[in-house]
Amino acid sequence: METRNCQNCKSDFTIEPDDFSFYEKMGVPAPTFCPECRLVRKLNWRSFRSLHRRNCGLCQKNLISMYPVADPAPVYCMECWNGDGWDPQSYAMEIDWSRPFLEQWFELFQKVPRLYSYANGTLINSDYTNYTINNKDCYLSFSIIECENVQYSEAIDKSKDCLDCLSVQELSQCSYNVDCKGNYNSHYLLRSQSCIDSYFLYDCINCQNCCLSSNLRNQQYVFLNKKLSKEEYFEALHSLRLDTFSGIEKTKSEFMEIRNSSVTKYASATNALDSTGDFMINVKNCTNTFDIYNCEDIKNSVRMLKSKDSRDCVGLLTGELEYEATACSVNSSKVAFSHICLTSTNVRYSALSRGISDCFGCCGLKDSQYCILNKKYSKEEYIELINKIEKHMKEVPYISRTGIVYAYGEYFPPEFCPFTYNECVGFDSFPLSKSKAREMGFSWREKEKTDYKATLFANELPDSIMDVPDSIISEIIECGNLESGTTFCTQAFRITPSELSFLRQKNLPLPRFCPNCRHGDRVKLRNPFKLYKRECMCNQYGHGHPSTDGVKCSNEFETSYAPDRPEKVYCESCYQKEVL
């Protein structure tokens, strides 16, 4: 074990023996940034909510792209990028041994055409999505995999007919679900699984027709954690007036009080063996991981699916032996310091490529091998040059505008990122002020002025969904959160026909905030990608604490619930005795 000082935040961090074993296996040096700084640096490259209209650089087709018009690199539509109308190797550069290698890579990155968004698989009527794989009829949804008819959602997989959800799997007919799995026709659920026809539940599993309750298991007709008859339950449910905006807001307030006073397990973990983090399902030997499913031997990573033996990754699907990588997915392996390299092997410092192997410092390549800065070499030349480049990057490192040294073994510096900090995923978990973000080397984009002319104000909308006319889909509604000045507010929004149909079918009121502001409210219901060392808060009799029964439990754990949070956070043992 070795303790080092982060060259970015100046705090100490520990490198464990198994870390050194992994670095040796990958052929990379140990990091000079702490795990949190490494994560924030990569999250800056994961921006998908900010979409821009621009034309394809080849066919001039109008696109909805994650790259703004001001971005210097050309942007191509899916057909043109995959087609034969351009050659990525025509942008090849010779290695200049008098300059830092990363500086040369950045020049290449700014010239090579990019695919307009992260899109993969079959996409049907899902233009307004990003980080999207095999979706149909989806709208303004991001990091979305194998979904149908999903709107205004993020980090949602294998779900259908859903609205306004965040970090969920296998839902149907649901809205306002956060950190949930397997729910049906349920709304305003937090950290709940396999629930049906329910509203406002926290930490409930396998429940049906339950409302305003928490810590339930295998229950039906429960209201305010009290078992009722079927008739009593529906009478109580009807009294909430959930068809009205005023009724929803009042119930929300009561629900937050229930959540804050409920027993909370230190982590949302199902079948998580020897693992730490939050929202983990079917994982083994995973450390400091978040939003991770069906994975093994993962560390310091976020949004990982069906992957193994990787560290410091963000957004990985079916990957193996990856390090310091963002969205290098779909059966990729032995990839490091790279961004969006699909079905690729033995790749370093590359981006926006597909089907490449044995490549170093490349951009936009397809089905290529033994390339450096997009130039093709023989196998022997490539191997000889790689050793020389790694040595050169250590001896002539890139120095960022904030004075940070980027030698071989570090991910790309912030000034290379095409996205601004206030538009990236990192802003949700690690918010920074404009001045602080720029001080750390991140860019910032001011809110664009729009020429929206609202035809309705949020406070003019009907209280009940039953009073909403069909003509509402023609209105431009000013966001009710506009005066807050939030950086992500789109200022105005519309109600789509499918959204109106869903709300009428579920007897739920119209929203008052724009989709981005609604997303911001859901983010507040989640914990950040950060762990704290805490002690169990349980002091209940009969829980078999190591000390005298009735004395506070002394078990310690790592949790994403900060010490100043209101929830009563329990260890696994005390939680099971209290809830199950």
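Before reading on, note that the structure itself is shown above.
Every value quoted in this text rests on a predicted model; they were computed, and no experiment measured them.

Quick notes on the rules
Numbering of residues starts from 1 in each chain and follows the order in which that chain's sequence is written. In keeping with the predicted nature of the model, local features appear solely for residues at pLDDT of at least 70, side-chain atom pairs appear and are counted solely at 80 or more, and the whole-chain, interface and lining totals rest on all residues. The basis for every side-chain value is the complete set of heavy atoms in the structure, and neither hydrogens nor water enter the calculation. Exposed residues in this analysis have more than 50% of their type's maximum accessible area, buried residues have under 20%, and partly exposed residues fall in between, with area computed by a 1.4 Å probe over protein chains only. We count a stretch as a helix when DSSP gives it H or I for four or more residues in a row; a strand needs E for two or more, and each element gets its number in order from the N terminus. Throughout, the arc means that of the directions going from the helix axis to the C-beta atoms. Side-chain atoms alone can form a polar contact between residues adjacent in sequence; in general such a contact is a pair of N or O atoms within 3.5 Å, and within protein one must be able to donate a hydrogen while the other accepts it. Every residue pair with non-hydrogen atoms within 4.5 Å of one another is taken to be in contact. When DSSP finds at least two bridges between two strands, those strands are taken to pair. Any two of the Phe, Tyr and Trp rings considered here, Trp counted by its six-membered ring, make a pair once their centres fall within 6.5 Å; the pair's planes then place it as stacked at under 30 degrees, edge-to-face at over 60, or tilted in between. Only Lys NZ and Arg CZ are tested; either one counts as a charge over a ring when it is within 6 Å of the ring centre and within 35 degrees of the ring normal. Working definition of a nonpolar core: buried Ala, Val, Leu, Ile, Met, Phe, Trp, Tyr and Cys residues. They are joined through side-chain atoms within 4.5 Å.

### Looking at helix H5 (residues 230–239)
Working step 1: Three or more residues of H5 are buried, namely Tyr 233, Ala 236 and Leu 237. Angularly, the buried residues of H5 cover 100° about the axis, an arc narrow enough to put them on a single face. Summarising the geometry of H5, the exposed residues directed more than 90 degrees from the buried face are Glu 231, Glu 235, His 238 and Ser 239.
Working step 2: Arg 241 sits one or two positions beyond H5 and adopts a positive phi of about 55°.

### Focus on the side chain of Thr 496
Working step 1: As for its position among the elements, Thr 496 is in the loop between strand S36 (492–493) and helix H10 (497–506).
Working step 2: For Thr 496, the side chain forms a polar contact with the main-chain nitrogen of Glu 499, separated by 3.1 Å.
Working step 3: Once you skip the residues sitting within four places of it in the chain, Thr 496 turns out to touch Tyr 139, Gln 151, Tyr 152 and Ile 473.

### With respect to the pairing of strand S26 (residues 333–342)
Working step 1: With 9 of 10 residues buried, S26 is to be regarded as a mostly interior element.
Working step 2: In this structure, strand S25 (residues 320–326) lies alongside S26, joined through 5 bridges in parallel fashion. Within S26, the residue paired with Glu 322 across the bridge is Val 335.
Working step 3: As defined by bridge partners, S26 adjoins strand S27 (residues 345–348) across 3 bridges and the pair is classed as parallel. Bridge pairing links Val 335 to Val 347 in S27.
Working step 4: Where S26 and strand S28 (residues 351–354) come together, 3 bridges link them in parallel fashion. From the neighbouring strand, Cys 341 faces S28, where its bridge partner is Ser 353.

### Some thoughts on the sheet that holds S36
Working step 1: Judged by pairing direction, the sheet is mixed, and its 3 strands sit side by side in the order S34-S35-S36 without closing on themselves. Each edge of the open sheet is held by one strand with a lone partner, namely strand S34 (456–457) and S36.
Working step 2: In this structure, strand S35 (residues 477–478) lies alongside S36, joined through 2 bridges in antiparallel fashion. From the neighbouring strand, Glu 478 faces S36, where its bridge partner is Ala 492.

### Remarks on the side chain of Ser 192
Working step 1: Tracing the backbone shows Ser 192 in the loop between strand S15 (187–190) and strand S16 (199–202).
Working step 2: Polar contacts involving the side chain of Ser 192 include one to the main-chain amide nitrogen of Asp 203, which spans 3.3 Å.
Working step 3: Within the local environment of Ser 192, its side chain forms a polar contact with the backbone nitrogen of Cys 204, the two atoms lying 3.1 Å apart.
Working step 4: Residue contacts for Ser 192: discarding those within four places in its chain leaves Asp 179, Cys 180, Lys 181, Asn 183, Leu 201, Tyr 202, Asp 203 and Cys 204.

### Details of the packing of aromatic side chains
Working step 1: With the rule as written, the count across this model stands at 44 aromatic pairs.
Working step 2: Between Tyr 67 and Phe 419 the ring centres are 5.6 Å apart and the planes differ by 15°, which places this aromatic pair in the stacked class. Linking Tyr 67 in the loop between strand S4 (62–65) and strand S5 (75–76) with Phe 419 in the loop between strand S33 (405–406) and helix H8 (426–429), this pair joins segments that are 352 residues apart in sequence.
Working step 3: By relative accessible area, Tyr 67 is classed as buried at 1%.
Working step 4: Taking the relative accessible area as the measure of exposure, Phe 419 reaches 2% and is therefore buried.
Working step 5: Ring centres of Trp 81 and Trp 86 lie 6.2 Å apart, and the angle between their planes is 50°; this geometry places the pair in the tilted category. The same class applies to Trp 81 and to Trp 86, which are both buried.
Working step 6: The residue whose ring lies beneath Lys 388 is Trp 97, and the NZ or CZ to ring-centre distance is 4.3 Å.

### Points about the nonpolar core
Working step 1: Core analysis: the largest hydrophobic core is formed by 91 residues, its most contacted members being Trp 105, Phe 360 and Ile 372.
Working step 2: Not counting chain neighbours up to four residues away, the residues in contact with Trp 105 comprise Trp 45, Tyr 349, Ser 350, Ala 351, Gly 361, Cys 362, Cys 363, Leu 373, Phe 412 and Phe 416.

### Looking at the environment of Thr 264
Working step 1: Mapped onto the elements of the fold, Thr 264 is located in strand S20 (residues 263–265).
Working step 2: Taking the relative accessible area as the measure of exposure, Thr 264 reaches 2% and is therefore buried.
Working step 3: Remark: the alpha-carbon pair of Thr 264 and Asn 215, spanning 49 residues in sequence, is separated by 8.3 Å.
Working step 4: With residues near it in sequence (within four places) discarded, Thr 264 still touches Tyr 202, Tyr 561, Glu 567, Lys 568, Val 569, Tyr 570 and Tyr 575.

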